[in-house]
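Coordinate analysis (summary)
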Amino acid sequence: MRSKKRDRAAFAVPGYWQSYSDMMAALLLIFILIIAITLAIYKQKRTDLEEAQLQLNSTRTELEASQAELDASRADLEASETELRNSLKELEEAYAKATMTQEELDAAYLEIDEARAELNATRSELQDIVGIRTDIIGELQTRFSNSSMKVDAQTGSITFSSDVLFRYNSATLTPESKETLKEIIPMYLGVLLQDNFRPYIAEIIIEGHTDTDGGYESNMTLSYNRANSVARFCMDDANGLPTQQIEQLRNLLTVNGRSYSSPIYKENSSEVNMEASRRVEIKFRLKEDEMINKITEVLNQQ
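Presented here is an overview of the structure given in this document. (Residues numbered from 1 in each chain as written. Predicted model: local features only at pLDDT ≥ 70, side-chain atom pairs only at ≥ 80, totals over all residues. Heavy atoms only, no water.)

1. Some points on the sheet that holds strand S1 (residues 158–161)
Operational definition: Any two strands are treated as partners once DSSP identifies two or more bridges connecting them. Here a helix means four or more residues in a row that DSSP labels H or I, a strand means two or more in a row labelled E, and each is numbered from the N terminus. Every angle, taken between N-to-C directions, lies between 0 and 180 degrees, and every axis is a line fitted to C-alpha atoms, over only the stretch in contact when it is a helix.
Overall, mixed pairing links the four strands, which are arranged S1-S4-S2-S3 in an open sheet. Lying at the two open borders of the sheet, with one neighbouring strand each, are S1 and strand S3 (253–257). Direction aside, neighbouring strands of the sheet carry axes that sit 20 degrees apart on average. Bridging between S1 and strand S4 (residues 279–286) involves four bridges; their strand directions are antiparallel. Paired with Thr159 across the bridge in S4 is Glu281.

See below:
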């Protein structure tokens, strides 16, 4: 029995140290694991820190770029504000120049009203005389409907052949031509000088024309003398015109010599019709012609 107990005791000591050794090994393993975990955590923290530093640097760069853009925008804004202030100042100056006082405005309105009244008067006058030439020409054509003398449908003029009124190179009316003029002149001038047309007549013109034979100056003298002979005939109260119409004619009559400055050509030809070119024309000019000329001058001045 004792021998057996001693044997168990001898084997018990090695079992104790083995348990201690296992415990120490376990503690060492735990310590190693703690160190390994700590190192891993440290490494991970360091990596996170580096990434955060990189992100911080990127953010700082973006912030600096944004600051630069903000500075540029602020400069543009300041420039725009300066330009706006300058524009506002110019606008105020222009407005100050354009602004009229009440008196100036009233004066301007008065001038406009006066101009409008003058325009209405001119329009009324034009309306009164519009078509008067057509009325005169129509009356002349009616009066000469049974006569060999023809009235020009465009101008209302009548034309005498110089060969009928005068002998060659002469400015003296022939006896036969005087009879013709006694018939024609009172008919023609009687229309122009009647009460409903007389206020519109500005001028009655007698023009002499020659052919192209001879010099210009000699033909000028001849053409004028022939026109003047017809004019003197018209002014003689023995030749058909009443004294009142002769007085009116004296204020309206103009005598012109045109030499061969306005020849008549043969139809469809450049050859001068010598016989037709030798003529005396009687025509008229209306006051509306003067008005139209004045209106044209005003328009050209604008």
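2. Digging into the environment of Thr142
Rule in force here: Counting of polar contacts relies on pairs of N or O atoms within 3.5 Å, with two restrictions inside protein: one atom must be capable of donating a hydrogen and the other of accepting it, and residues adjacent in sequence are counted only when both atoms are side-chain atoms.
With respect to the helices and strands, the residue Thr142 is situated in helix H3 (residues 132–143). Among the polar contacts listed, one links the side chain of Thr142 to the backbone oxygen of Gly138, at a separation of 3.0 Å.

3. A word on the packing of H3 against helix H5 (residues 175–192)
Relative orientation and spacing of two packed helices are given, respectively, by the angle between their axes and the distance between those axes. Let me state the cut-off plainly: Note on terminology: angles under 35 degrees are roughly parallel, angles over 145 are roughly antiparallel, angles of 65 to 115 are roughly perpendicular, and the others are oblique. Here a crossing is taken to be left-handed if its near helix is turned anticlockwise relative to the far helix by less than a right angle, and right-handed if that turn runs clockwise. Contacts are assigned to residue pairs with any non-hydrogen atoms lying within 4.5 Å of each other. Classes in brief: Ala, Val, Leu, Ile, Met, Phe, Trp, Tyr, Cys and Pro nonpolar; Asp, Glu, Lys and Arg charged; the others, Gly included, polar.
The interhelical angle for the contact between H3 and H5, taken along N-to-C directions, is 155 degrees, at an axis separation of 10 Å. By the angle class used here, H3 and H5 are roughly antiparallel. Here the hand of the crossing between H3 and H5 comes out right-handed. Listed contacts from H5 to Ile136, Glu139, Leu140 and Arg143 of H3 are Met187, Tyr188, Val191 and Leu192. For the contact of H3 with H5, the per-class residue count stands at six nonpolar, no polar and two charged.

4. Some points on the pattern of salt bridges
Here is the rule we go by: Salt bridge, as used here, is a side-chain nitrogen of Lys or Arg placed within 4 Å of a carboxyl oxygen of Asp or Glu. Only protein chains enter the accessibility calculation, which uses a 1.4 Å probe; a residue whose area is less than 20% of its type maximum is buried, one above 50% is exposed, and one in between is partly exposed.
For the structure shown, the criterion picks out 11 salt bridges. With its nearest N and O atoms 3.1 Å apart, the salt bridge here joins Arg116 to Asp113. In this pair, Arg116 and Asp113 are both assigned in helix H2 (residues 102–129), three residues apart and thus about one turn of the helix distant. Residue classification places Arg116 among the partly exposed residues on the basis of a relative accessible area of 44%. Asp113 gets classed as partly exposed once you look at its relative accessible area, which sits at 42%. Between Glu207 and Lys283 there is a salt bridge, with its nearest N and O atoms 3.2 Å apart. With Glu207 in strand S2 (residues 201–209) and Lys283 in strand S4, the pair connects residues that are 76 residues apart, well separated along the chain. For Glu207, a relative accessible area of 6% translates into the label buried. Judged by its relative accessible area of 23%, Lys283 falls in the partly exposed class.

5. Details of the side chain of Gln245
Mapped onto the fold, Gln245 is located in helix H7 (residues 243–252). Gln245 gets classed as buried once you look at its relative accessible area, which sits at 17%. Look past the residues within four positions of Gln245 in its chain and what remains in contact with it is Gly190 and Leu193.

6. Some thoughts on unusual backbone geometry
Phi angles above zero are rare outside glycine, and Asn169 is one such case at about 60 degrees. The phi dihedral of Ser259 is positive, around 50 degrees, even though this residue is not glycine. Here Ser259 shows up in the loop between S3 and helix H8 (274–277). Among the residues examined, Ser259 registers a relative accessible area of 0% and is labelled buried.

7. Details of H5
Stated formally: Working rule for helices: expected span equals 1.5 Å times residues minus one. Working definition for bend: take the seven residues up to and ending at a residue and the seven starting at it, fit an axis to each, and measure the angle between the axes.
For H5, with 18 residues, the first-to-last C-alpha span of 26 Å sits near the 26 Å given by 1.5 Å per residue. Most pronounced at Leu181, the bend in H5 amounts to some 30 degrees. Buried within H5 we find Ser177, Leu181, Ile184, Ile185, Met187, Tyr188, Leu189, Gly190, Val191 and Leu192.

8. Details of the packing of aromatic side chains
How two aromatic rings sit relative to each other is given by the distance of their centres and the angle of their planes. We count it as follows: Under the pairing criterion, centres of Phe, Tyr and Trp rings, with the six-membered ring standing for Trp, must be within 6.5 Å; the plane angle then separates stacked pairs below 30 degrees from edge-to-face pairs above 60, leaving the rest tilted.
Inspection of every chain in the model, using the stated rule, returns two aromatic pairs. With centroids separated by 5.3 Å and ring planes inclined at 85 degrees, the aromatic side chains of Tyr216 and Tyr260 adopt a geometry described as edge-to-face. Taken together, the positions of Tyr216 in helix H6 (residues 216–234) and Tyr260 in the loop between S3 and H8 put the pair 44 residues apart, joining distant regions of the chain. With a relative accessible area of 39%, Tyr216 lands in the partly exposed category. The class of Tyr260 is partly exposed, set by a relative accessible area of 25%.

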